[in-house]
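Listed below are the residues making up each chain.
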Amino acid sequence: MRVLGVDPGLRCVGYGIVESNNTGYFPSQGRNKNLKLIEAGIIRTTAKQELPVRLKKIYAGLLEVVETYHPQVLALEELFSHYKNPKTAIMMAHARGVICLIAAQQNIQVFGYAPKKIKKAITGAGAAQKAQVQKVIKEILGLKTVPEPNDVADALAIALTHINISSRQI
(Lines give C-alpha, C1' and ligand atoms only; values in the text may rest on other atoms or scores of the structure.)
Protein backbone atom coordinates (compact mmCIF):
# COMPACT_ATOMS: atom_id res chain seq x y z
CA MET A 1 0.00 0.00 0.00
CA ARG A 2 1.31 3.44 -0.93
CA VAL A 3 0.10 6.20 1.40
CA LEU A 4 0.34 9.94 0.79
CA GLY A 5 0.33 11.81 4.10
CA VAL A 6 -0.51 15.50 3.85
CA ASP A 7 -0.10 18.26 6.44
CA PRO A 8 -2.41 20.95 5.04
CA GLY A 9 -1.71 24.65 5.23
CA LEU A 10 -2.00 27.78 3.14
CA ARG A 11 1.60 28.88 3.64
CA CYS A 12 3.16 25.43 3.47
CA VAL A 13 1.74 22.01 2.60
CA GLY A 14 3.89 19.12 3.74
CA TYR A 15 3.63 15.77 2.00
CA GLY A 16 5.22 12.39 2.45
CA ILE A 17 4.71 9.12 0.60
CA VAL A 18 5.40 5.88 2.43
CA GLU A 19 5.02 2.39 1.03
CA SER A 20 4.08 -0.53 3.27
CA ASN A 21 3.40 -4.22 2.89
CA ASN A 22 0.44 -3.78 5.29
CA THR A 23 2.22 -5.20 8.34
CA GLY A 24 2.20 -1.95 10.29
CA TYR A 25 4.91 -1.15 12.78
CA PHE A 26 5.50 -0.71 16.45
CA PRO A 27 7.40 2.48 17.38
CA SER A 28 9.24 0.81 20.25
CA GLN A 29 10.87 -1.64 17.83
CA GLY A 30 12.78 1.00 15.83
CA ARG A 31 13.50 0.59 12.10
CA ASN A 32 10.89 -1.29 10.12
CA LYS A 33 12.22 -2.74 6.87
CA ASN A 34 8.65 -3.26 5.63
CA LEU A 35 8.26 0.51 5.27
CA LYS A 36 9.86 2.56 2.52
CA LEU A 37 10.02 6.32 2.17
CA ILE A 38 9.19 7.11 -1.46
CA GLU A 39 9.18 10.93 -1.49
CA ALA A 40 8.65 13.86 0.86
CA GLY A 41 8.61 17.61 0.45
CA ILE A 42 6.68 20.83 0.74
CA ILE A 43 4.58 23.07 -1.45
CA ARG A 44 5.11 26.68 -0.38
CA THR A 45 3.01 29.78 -1.04
CA THR A 46 3.36 33.33 0.26
CA ALA A 47 0.94 35.51 2.14
CA LYS A 48 1.47 38.21 -0.51
CA GLN A 49 -0.37 36.06 -3.05
CA GLU A 50 -4.14 36.21 -3.31
CA LEU A 51 -6.05 33.20 -1.97
CA PRO A 52 -7.04 31.81 -5.41
CA VAL A 53 -3.40 31.95 -6.56
CA ARG A 54 -2.23 30.15 -3.42
CA LEU A 55 -4.87 27.45 -3.82
CA LYS A 56 -3.94 26.98 -7.47
CA LYS A 57 -0.29 26.50 -6.51
CA ILE A 58 -1.22 23.93 -3.86
CA TYR A 59 -3.47 22.16 -6.35
CA ALA A 60 -0.83 22.02 -9.10
CA GLY A 61 1.96 20.94 -6.76
CA LEU A 62 0.04 18.17 -5.05
CA LEU A 63 -1.51 16.96 -8.30
CA GLU A 64 2.00 16.55 -9.71
CA VAL A 65 2.96 14.47 -6.66
CA VAL A 66 -0.13 12.27 -7.04
CA GLU A 67 0.35 11.78 -10.81
CA THR A 68 4.04 10.96 -10.34
CA TYR A 69 3.83 8.54 -7.39
CA HIS A 70 0.29 7.10 -7.65
CA PRO A 71 -0.64 6.75 -3.97
CA GLN A 72 -3.53 4.44 -3.17
CA VAL A 73 -4.60 6.33 -0.04
CA LEU A 74 -4.41 9.94 1.13
CA ALA A 75 -4.14 10.49 4.88
CA LEU A 76 -4.81 14.02 6.07
CA GLU A 77 -4.66 15.83 9.37
CA GLU A 78 -8.16 16.72 10.50
CA LEU A 79 -9.03 20.37 10.76
CA PHE A 80 -8.87 21.82 14.24
CA SER A 81 -8.92 25.31 15.59
CA HIS A 82 -9.45 26.94 18.91
CA TYR A 83 -12.73 28.77 19.20
CA LYS A 84 -10.74 32.01 19.46
CA ASN A 85 -9.49 31.63 15.86
CA PRO A 86 -12.41 30.70 13.59
CA LYS A 87 -10.78 32.61 10.70
CA THR A 88 -7.77 30.25 10.83
CA ALA A 89 -10.08 27.24 10.60
CA ILE A 90 -11.88 28.74 7.61
CA MET A 91 -8.62 29.53 5.79
CA MET A 92 -7.24 26.04 6.48
CA ALA A 93 -10.48 24.54 5.17
CA HIS A 94 -9.70 26.07 1.76
CA ALA A 95 -6.41 24.15 1.56
CA ARG A 96 -8.05 20.94 2.82
CA GLY A 97 -10.78 21.34 0.19
CA VAL A 98 -8.24 21.55 -2.63
CA ILE A 99 -6.42 18.48 -1.28
CA CYS A 100 -9.66 16.49 -1.01
CA LEU A 101 -10.63 17.59 -4.54
CA ILE A 102 -7.41 16.11 -5.94
CA ALA A 103 -8.09 12.85 -4.11
CA ALA A 104 -11.66 12.71 -5.44
CA GLN A 105 -10.55 13.46 -9.01
CA GLN A 106 -7.92 10.70 -8.84
CA ASN A 107 -10.24 8.20 -7.06
CA ILE A 108 -8.03 8.09 -3.97
CA GLN A 109 -9.69 7.29 -0.67
CA VAL A 110 -9.16 9.96 2.04
CA PHE A 111 -8.71 9.28 5.75
CA GLY A 112 -8.50 12.00 8.40
CA TYR A 113 -6.71 11.81 11.73
CA ALA A 114 -6.76 14.14 14.72
CA PRO A 115 -3.38 15.55 15.81
CA LYS A 116 -3.47 13.73 19.18
CA LYS A 117 -4.26 10.44 17.47
CA ILE A 118 -1.29 10.93 15.14
CA LYS A 119 1.08 11.62 18.03
CA LYS A 120 -0.25 8.61 19.94
CA ALA A 121 0.10 6.32 16.92
CA ILE A 122 3.69 7.44 16.33
CA THR A 123 5.07 7.80 19.85
CA GLY A 124 2.54 6.11 22.12
CA ALA A 125 1.69 9.47 23.75
CA GLY A 126 -0.98 11.87 22.48
CA ALA A 127 0.81 14.84 24.04
CA ALA A 128 4.23 14.14 22.46
CA GLN A 129 6.39 17.06 21.38
CA LYS A 130 7.32 17.61 17.71
CA ALA A 131 10.96 16.69 18.38
CA GLN A 132 9.88 13.34 19.82
CA VAL A 133 7.67 12.63 16.80
CA GLN A 134 10.54 13.51 14.42
CA LYS A 135 12.95 11.22 16.29
CA VAL A 136 10.56 8.26 16.12
CA ILE A 137 9.91 8.83 12.40
CA LYS A 138 13.66 8.89 11.79
CA GLU A 139 14.04 5.54 13.58
CA ILE A 140 11.04 3.86 11.95
CA LEU A 141 12.06 4.85 8.41
CA GLY A 142 15.80 4.43 9.00
CA LEU A 143 16.62 8.02 8.03
CA LYS A 144 20.04 9.57 8.62
CA THR A 145 18.52 12.77 10.03
CA VAL A 146 15.17 13.81 11.44
CA PRO A 147 12.72 14.89 8.73
CA GLU A 148 12.53 18.65 8.31
CA PRO A 149 10.84 21.05 8.06
CA ASN A 150 8.07 20.25 10.57
CA ASP A 151 5.51 20.14 7.76
CA VAL A 152 7.32 17.17 6.17
CA ALA A 153 7.68 15.42 9.53
CA ASP A 154 3.97 15.93 10.19
CA ALA A 155 3.03 14.56 6.76
CA LEU A 156 5.18 11.46 7.30
CA ALA A 157 3.63 11.01 10.75
CA ILE A 158 0.16 11.14 9.17
CA ALA A 159 1.10 8.54 6.53
CA LEU A 160 2.63 6.26 9.18
CA THR A 161 -0.44 6.68 11.38
CA HIS A 162 -2.68 5.46 8.57
CA ILE A 163 -0.40 2.49 7.88
CA ASN A 164 -0.32 1.52 11.54
CA ILE A 165 -4.06 1.90 12.12
CA SER A 166 -5.13 0.23 8.87
CA SER A 167 -2.79 -2.74 9.43
CA ARG A 168 -4.54 -3.46 12.72
CA GLN A 169 -7.91 -3.63 10.96
CA ILE A 170 -6.87 -6.29 8.44
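Notes on the structure follow.

Conventions used here
- Residues numbered from 1 in each chain as written.
- Predicted model: local features only at pLDDT ≥ 70, side-chain atom pairs only at ≥ 80, totals over all residues.
- Heavy atoms only, no water.
- Buried < 20%, exposed > 50% of the residue type's maximum accessible area, 1.4 Å probe, protein only.
- Helix = DSSP H or I, 4+ residues; strand = E, 2+ residues; numbered from the N terminus.
- Pairing = 2+ DSSP bridges.
- Axes fitted to C-alpha atoms, helices over the stretch in contact; angles between N-to-C directions.
- Contact = heavy atoms within 4.5 Å.

### Overview of the pairing of strand β4 (residues 73-77)
1) Next: Taken across its 5 residues, β4 has 5 buried, putting it largely inside the fold.
2) Next: Along β4, one buried face is formed by Val73, Ala75 and Glu77 and the opposite face, lined by Leu74 and Leu76, is buried too.
3) Next: Pairing between strand β1 (residues 2-7) and β4: 4 bridges, direction parallel. Of the residues in β4, the one forming a bridge with Leu4 is Leu74.
4) Next: The pairing of β4 with strand β5 (residues 109-113) spans 5 bridges and is parallel.

### Remarks on the sheet that holds strand β3 (residues 35-44)
1) Next: One open sheet accounts for 5 strands, arranged β3-β2-β1-β4-β5; its pairing is mixed. Looking at strand neighbours, the two that pair on one side only are β3 and β5, the edges of this open sheet. Mean inter-strand twist for the sheet, computed between neighbouring axes without regard to direction, equals 20°.
2) Next: Along the sheet face, helix α1 (residues 51-69) touches β1, β2 (12-20) and β3 and points at about 160° away from the line of β3.

### Here we look at the pairing of β1
1) Next: Counting buried residues along β1, 6 of its 6 residues qualify, which places the element largely inside the surrounding structure.
2) Next: The alternating pattern of β1 places Arg2, Leu4 and Val6 and Val3, Gly5 and Asp7 on opposite faces, both of which are buried.
3) Next: With 6 bridges connecting them, β1 and β2 associate as antiparallel partners. Across the sheet, the residue bridging to Gly5 is Gly16, located in β2.
4) Next: Linking two consecutive strands that pair antiparallel, namely β1 and β2, is a turn of 4 residues.

### Description of unusual backbone geometry
A negative phi angle characterises most non-glycine residues, just as the trans form characterises most peptide bonds.
1) Next: In this model, Glu148 is joined to Pro149 through a cis peptide bond whose omega is -5°.
2) Next: Inspection of the secondary structure puts Pro149 in the loop between α4 (130-141) and α5 (150-168).
3) Next: Here the phi dihedral of His70 falls at roughly 50°; this positive angle occurs in a residue that is not glycine.
4) Next: Here His70 is to be found in the loop between α1 and β4.
5) Next: The backbone phi angle of Asn107 is positive, close to 55°, even though this residue is not glycine.
6) Next: Positionally, Asn107 belongs in the loop between α2 (86-105) and β5.
7) Next: Asn107 gets classed as exposed once you look at its relative accessible area, which sits at 72%.

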